[in-house]
Amino acid sequence: MIINEMDLGSFDLEEEYDYDLDDGGMYDSHYSYDDQNSYITFAEIIESCAIPTVRDICRSFFPTLALCFAFQLFNYFTPGINVKIKHILSGILGIGILYMYVEHRIIHSIAVAVIFYLTVVGCIKNGIRTSLTSLLLLSYLTICEFTFQRLEWPRIRNVQMLIVMKAVSLTMDYEGKFIREFPSFFEYFGYIFCFGNCIFGPWVDFKSYLEIFVPKRPTRQYVTEVVKSVVLGFAFFVLSMCLIDWLLQRYSQSTWGIMYGKAAEFRSGHYFVMYLSSSLALAAGFESLKGKSDSITKPNMIEFPHSLVEVVVNWNIPMHNWLKRYTFKPLQSYGNFLAVIGTYFVSSLLHGLNYRLSGVLLSLGVYTYVEHTFRRKLSYRMNACISSKSCRLSCDKHRFTGRKLGVCFINLFFTILALYHLSYLGCLIDLRADDNVTFYQAFDRWRGLRYESHYVILITYIVSLFL
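Residues numbered from 1 in each chain as written. Predicted model: local features only at pLDDT ≥ 70, side-chain atom pairs only at ≥ 80, totals over all residues. Heavy atoms only, no water.

Assigned secondary structure in the chain consists of 18 helices and 2 strands. Out of the 467 residues in the chain, the part that is buried amounts to 53%. Sequence separation of at least 24 residues holds for 74% of the intrachain contacts in the chain that already meet a minimum separation of 6. When the accessible area of the chain is evaluated, it comes to approximately 21900 Å², of which 62% is carbon and sulfur surface. (Helix = DSSP H or I, 4+ residues; strand = E, 2+ residues; numbered from the N terminus. Buried < 20%, exposed > 50% of the residue type's maximum accessible area, 1.4 Å probe, protein only. Contact = heavy atoms within 4.5 Å. Areas by Shrake-Rupley, 256 points an atom, 1.4 Å probe, with all protein chains shown as cover.)

Glancing now at empty space enclosed by the protein. Under the criterion given, the structure shown has 3 cavities of 30 Å³ or more. The computed volume of the second largest cavity comes to approximately 100 Å³. Secondary-structure elements contributing two or more residues to the lining of the second largest cavity are α14 (355-382), α15 (405-426) and α18 (452-465). Ranked by residues supplied to the lining of the second largest cavity, first place goes to α15 with 4 residues. Taken together, the residues of the lining of the second largest cavity sort by class into 6 nonpolar, 2 polar and 2 charged. (1 Å grid on protein atoms, 1.4 Å probe; cavity = no way out; pocket = protein on both sides within 12 Å on 5 of 7 lines; lining within 4 Å. Points joined across faces, edges and corners; volume = space filled by probe spheres on them. Nonpolar A, V, L, I, M, F, W, Y, C, P; charged D, E, K, R; others polar.)

Per-residue pLDDT for the chain has a mean of 83; in total, 87% of the residues score no lower than 70. Below pLDDT 50 for its whole length, residues 1-37 participates in 117 contacts with residues either more than four positions away or in separate chains. (pLDDT = per-residue confidence, 0-100.)

Our next topic: unusual backbone geometry. The step from Gly201 to Pro202 runs through a cis peptide bond, and the omega angle for that step is 5°. Backbone geometry at Asn383 places phi at a positive 55°, although glycine is not the residue there. Relative to the assigned elements, Asn383 resides in the loop between α14 and α15. Even without being a glycine, Tyr451 presents a positive backbone phi close to 55°. Assignment of secondary structure puts Tyr451 in the loop between α17 (444-448) and α18. Given a relative accessible area of 30%, Tyr451 falls into the partly exposed group.

The next subject is helix α9 (residues 255-284). Spanning 30 residues, α9 covers 44 Å between terminal C-alpha atoms, matching the ideal 44 Å at 1.5 Å per step. In terms of residue burial, α9 counts as a mostly covered element, since 26 of its 30 residues are buried. Of the residues one or two after α9, Gly285 is the one with positive phi, at around 105°. (Expected span 1.5 Å × (residues − 1).)

Looking now at the state of the cysteines. Applying the stated criterion across every chain, the model contains 1 disulfide. What pairs with Cys49 in a disulfide is Cys242, and their sulfur atoms sit 2.0 Å apart. Taking the sign of the S-S torsion, about -80° here, the bridge from Cys49 to Cys242 comes out left-handed. In this pair, Cys49 sits in helix α1 (residues 42-77) while Cys242 sits in helix α8 (residues 220-251), placing the two residues 193 residues apart along the sequence. A relative accessible area of 4% places Cys49 in the buried class. This cysteine, Cys194, is not joined by any disulfide, and Cys198 carries the nearest cysteine sulfur, 7.3 Å off. With no disulfide of its own, Cys391 has Cys385 as its nearest cysteine by sulfur position, at a separation of 3.5 Å. Note on Cys391: relative accessible area 29%, which makes it partly exposed. (Disulfide = S-S within 2.5 Å.)

This next bit is on the layout of surface pockets. In this model, the second largest pocket occupies a volume close to 890 Å³. Considering the residues around the second largest pocket, the lining is formed by 26 residues, among which Val309, Val313, His320, Phe328 and His372 are closest to the centre. Breaking the lining of the second largest pocket down by element, the ones donating at least two residues are α11 (308-315), α12 (317-331), α13 (336-350) and α14. The element that contributes the greatest number of residues to the lining of the second largest pocket is α14, accounting for 6 residues.

Core analysis: the largest hydrophobic core is formed by 112 residues, its most contacted members being Phe61, Phe195, Ile199, Trp322 and Leu350. Residue contributions to this core peak at 13 residues, all from α9. The residues contacting Trp322, other than those within four sequence positions of it, are Met165, Val168, Ser169, Trp203, Thr327, Val346 and Leu350. By size, the runner-up hydrophobic cluster in this structure holds 6 residues, among which are Leu378, Ala384, Ile386 and Val407. (Core = buried A, V, L, I, M, F, W, Y, C linked by side-chain atoms within 4.5 Å.)

Another point: the packing of aromatic side chains. Evaluated as defined, the whole model comprises 36 aromatic pairs. For the ring pair Phe71 and Phe213, a centre distance of 6.2 Å and an interplane angle of 65° mean the geometry is edge-to-face. Residue Phe71 is found in helix α1, and its partner Phe213 is found in the loop between α7 (206-209) and α8; the two are separated by 142 residues along the sequence. The exposure class assigned to Phe71 is buried, which follows from its relative accessible area of 2%. Residue classification places Phe213 among the buried positions, given a relative accessible area of 9%. With centroids separated by 5.2 Å and ring planes inclined at 5°, the aromatic side chains of Tyr424 and Trp446 adopt a geometry described as stacked. (Phe/Tyr/Trp six-rings, centres within 6.5 Å; stacked < 30°, edge-to-face > 60°.)

Geometry of a packed helix pair, given as the angle between the helix axes and the separation of the axes. Their axes nearest at 10 Å, the elements α1 and helix α2 (residues 83-102) cross at an angle of 175°. Taken as axis vectors, α1 and α2 run roughly antiparallel relative to one another. Taking contact as the criterion, the partners of Ser60, Phe61, Pro63, Thr64, Leu67, Phe71, Phe74 and Asn75 in α1 are, on α2, Lys86, Leu89, Ser90, Leu93, Ile97, Met100 and Tyr101. In terms of residue class, the contact of α1 with α2 is made up of 10 nonpolar, 4 polar and 1 charged. (Axes fitted to C-alpha atoms, helices over the stretch in contact; angles between N-to-C directions. Parallel < 35°, antiparallel > 145°, perpendicular 65-115°, else oblique.)

Our focus in this paragraph is the environment of Leu350. Mapping Leu350 onto the fold places it in helix α13. Residue Leu350 is classed as buried on the basis of its relative accessible area, which comes to 1%. Along the backbone, Leu350 and Tyr140 are 210 residues apart, and their C-alpha atoms lie at a distance of 9.4 Å. Setting aside chain neighbours within four positions, we find Leu350 in contact with Leu138, Leu141, Met161, Val164, Met165, Met319 and Trp322.

This next bit is on a positive patch on the surface. A grouping of Lys324, Lys329, Lys389, Arg392 and Lys397 is seen on the molecular surface, where their side chains present a positively charged patch. Within the secondary structure layout, Lys329 lies in helix α12. (Patch = residues over 30% accessible without salt bridge, like charges linked within 9 Å, V, L, I, M, F, W, Y side chains within 5 Å. Salt bridge = Lys/Arg side-chain N within 4 Å of Asp/Glu carboxyl O. Lys, Arg positive; Asp, Glu negative; His and termini not counted. Charge placed at Lys NZ, Arg CZ, Asp CG, Glu CD.)

In structure tokens, the structure reads:
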């Protein structure tokens, strides 16, 4: 699981609202608004927050979307053009798009991409394992997290992360014989800086990248899915930046209500990025998305989860596939627990070992392992469809299927428990909070809640030992 492929920090938006924390790390029930703002109407929040922020995003997003459509039309009407030219064009368009978002900071992305290519080519010529460079790339992100200027790194963190993910997948696929030979420089250049996923993602492997060069005739379904992704993306953006804060201010007084709202705010920001990512990838012609806007994330599976495991899988589907393919499976021979923890550790490295994100990810690794183990044993004992992975309604493995009322109530209990854990974990990640904190300060909110959720998981694990 990965928290995000593109920070809202990459957009230059003014942050108008904030929460205060008391000395104990709990959410303060009062907002940092003036009294007159506590009666702001829905129409006023749309006018003062939603419209200006959406307008700011549109200025950079729609030119990017237009470039993706334009490339597909160019590709369709010029089927005989040399593919090397298309690789070069893909990279040039990608660099142009990156410049719109990160400006002069793009020099860091170009530098790391070139250095990595030269390093891998040198390893191949000298018979050195190319997968060793993957560790260097992951370490690079961590070093940047602690050495870059605090205001500069968040603007390019996710761009660099995407480059590292693509580069790691190339080396692992080459060493695993999934690709016959390492790409030429022009192929590598086009893949790393591909215009369709260089800024928002999603990650795709090299073979999937080559799909964009297959001429495709635009269809009504193709356009519909792109439009659907754009509309959903902006709807979640307004929720994240404006409406959830407004709703919390007006209607929520409890600590857990505010916690759930803050976690929902973060999740909505994530859905915004994922749907915009989906729209650009679909417009660019990535066939691996199967022409569906929900091929990257599935909010319904996250907001109403059957289990935490399903949340992890559906949070960012391409990233889940990346971690499963390049981390979990290679580590599985050392045991499932080590493979799970190792996978979440690599996910933390991709985020530069940010204290809060790493704490959430590593906790989530333990949570999902305990939940999966507990529900698997309970399902076996009760012979019922209550494991962490949903059974079909016509399941023939268990005596008591999902149609049974008792099974429905048990699964509902686990859904509520998953929402409780998600609220607790998500409260630590605040889009408006300052990441420049000490290790001790980073976990103030959990400390204020006396680490309740962690104790619940500990009790769950102890009970599972006796099943």
